[in-house]
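Observations on chain architecture
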Amino acid sequence: MSTAQILADHTTARVGGPAAEWTVARSEAEAVDVLQTHPLPEESVRATGQDTLLVLGGGSNLLVSDRGFSGAVLQLAFSGISAEPIGDDAVDLQVAAGHDWDSVVAWTVERGLCGLETLSGIPGAAGAVPVQNVGAYGSDVSETIVQVRAWDRAVGDAVVLTNDDLKFGYRDSMLKRSTISGSPRYVVLSVTFRLTHQPGPALSAPVRYAELARALGLDPTAEDSARRAPLDQVRRTVLDLRAKKGMVLNAEDHDTWSTGSFFTNPIIAQAQLATLPERTPRFSAGTSRDGQALVKLSAAWLIDQAGCGKGFGLPDGPELGRGAAGAGLVGGRAALSTKHTLAVTNRGEASTEDLLTVARAARDRVRDTFGITLHPEPVLIGCEL
Ligand SMILES: Cc1cc2nc3c(=O)[nH]c(=O)nc-3n(C[C@H](O)[C@H](O)[C@H](O)COP(=O)(O)OP(=O)(O)OC[C@H]3O[C@@H](n4cnc5c(N)ncnc54)[C@H](O)[C@@H]3O)c2cc1C
């Protein structure tokens, strides 16, 4: 155990105060030692954000208050991949929670395994991907996860949770729903993915996302068999597209000092579309439990159309965010990315509160303009939007 670590040094937005205790677990056994001393607190304690434990992967979906965290941070830093063939055309890959996620994707692409290629370039650790059902470019991890092994803090033992048990949804899972104010019941120790391979050239799964299909020279409306491309080409193309949007970490580029998308895309009843401009982009999102048709909106579009375009919050950004003295909201220390309206970014000297101030301004403008309330995607610890 070590002390005096600062969350800002371990999060991709580079904000967050000190933690009282800090353990870097280099093996599952070390993690379990710490977990055994931090059983799940009472629900009333968890609801007030007073858990004694904060589980940390790559810190890419986390905003911790400037005051820091008064309990123990458990940083999962154990890695490892093992593969087991399943029949002639599939492989089960068991990945340790601390393994860098993009290295997992690269590993599978190099070996001609299909299923994770569109999830290239997403920061963080493998143990976190089931938590919010990480997804990009038309696929998410719920499609390949077979099961996770997790530490259940309520019973003080390891459990196996199958894909069914995980009850995945859009950027959501049972793991996330059983986390209260950042206090998790389950801590993922390893994740098992089922990936496929075919004889002959290693091709991707059919590309569903129109922007990616076009970038690969594929017809997005063609049948499945005509929408496959070499795995390594899909990976490179995704990395290129993401880099242009500031969605691949780059220490030189402040547009990437963020938590990625700050807001989830809102899902509303189709009937509610009548209150929005006709040109509002919408995507079918199935039906609600009571049978209403649902549509997903683009949070990035809503933010942009509400007057908070790229660079909102910078002195030379959109007018609404230039602040009274023209120095930018919060002195320009935090702003929407100049490449993508969905990322709230640290321009170098920002605090957590600075990032939240910009995020609040964007959320409020969207609510005032469209009557839609945006919800944050990152986990907020000790702070609120
Ligand atoms: C530039 C950028 C681009 C991004 N692009 C995408 C994208 O395309 N799609 C997408 O879905 N996300 C994206 N993200 C968000 C983020 O990378 C993912 O959510 C990622 O899976 C978070 O992993 P992490 O290890 O950094 O989690 P952390 O930030 O360390 O933790 C996030 C939450 O998960 C909990 N947690 C972490 N590990 C575990 C575990 N083993 N068991 C239980 N709980 C755990 C933490 O306690 C915390 O509540 C992006 C982020 C950035 C900065």
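Residues numbered from 1 in each chain as written. Predicted model: local features only at pLDDT ≥ 70, side-chain atom pairs only at ≥ 80, totals over all residues. Heavy atoms only, no water.

1. Some points on the UniProt feature "active site" (unreviewed entry) in the chain
UniProt marks R171, S261 and E377 with the feature "active site" (unreviewed entry), using the numbering shown here. Taking the farthest pair of C-alpha atoms as the criterion, the annotated set spanning 207 residues converges on one region, since that pair is 11.2 Å apart. Tracing the backbone shows R171 in the loop between α4 (163-166) and α5 (174-177). Residue classification places R171 among the buried residues on the basis of a relative accessible area of 16%. Polar side-chain contacts of R171 include one of 3.3 Å to the backbone oxygen of N133. Along the chain, E377 falls in the loop between α9 (352-370) and β18 (379-381). Once residues within four sequence positions are removed from consideration, E377 is found in contact with N61, Q132, R171, K176, S261, F262, F263 and T264. In this structure the side chain of E377 is engaged in a polar contact, spanning 3.1 Å, whose partner is the side chain of Q132. (UniProt positions renumbered as here; feature names shortened; annotations may be inferred. Helix = DSSP H or I, 4+ residues; strand = E, 2+ residues; numbered from the N terminus. Buried < 20%, exposed > 50% of the residue type's maximum accessible area, 1.4 Å probe, protein only. Polar contact = N/O pair within 3.5 Å; in protein donor to acceptor, adjacent residues only side chain to side chain. Contact = heavy atoms within 4.5 Å.)

2. Observations concerning the domain arrangement of the chain
Domain assignment breaks the chain into domain 1 (5-76), domain 2 (81-244) and domain 3 (254-267 + 296-381). Relative to domain 2, the C-alpha centre of domain 1 lies at a distance of 25 Å. Each partner contributes to the interface: domain 1 provides 20 residues, whereas domain 2 provides 20 residues. For the pairing of domain 1 and domain 2, the buried interface totals around 1600 Å² over both sides, and the portion due to carbon and sulfur atoms is 62%. Linking domain 1 with domain 2 are 2 salt bridges. Linking E28 and R149 is a salt bridge whose minimum nitrogen-to-oxygen distance equals 2.7 Å. Where domain 1 packs against domain 2, one counts 9 residue pairs in polar contact (both at pLDDT 80 or more). For the side of domain 1 that touches domain 2, the secondary structure elements donating two or more residues are α1 (28-36), α2 (43-47) and β3 (53-56). Tallying contributions element by element places α1 first for the side of domain 1 that touches domain 2, with 4 residues. When grouped by side-chain class, the residues that make up the side of domain 1 that touches domain 2 number 9 nonpolar, 7 polar and 4 charged. (Domains from an automatic or database assignment. Buried area = accessible area lost by both parts, 1.4 Å probe. Salt bridge = Lys/Arg side-chain N within 4 Å of Asp/Glu carboxyl O. Nonpolar A, V, L, I, M, F, W, Y, C, P; charged D, E, K, R; others polar.)

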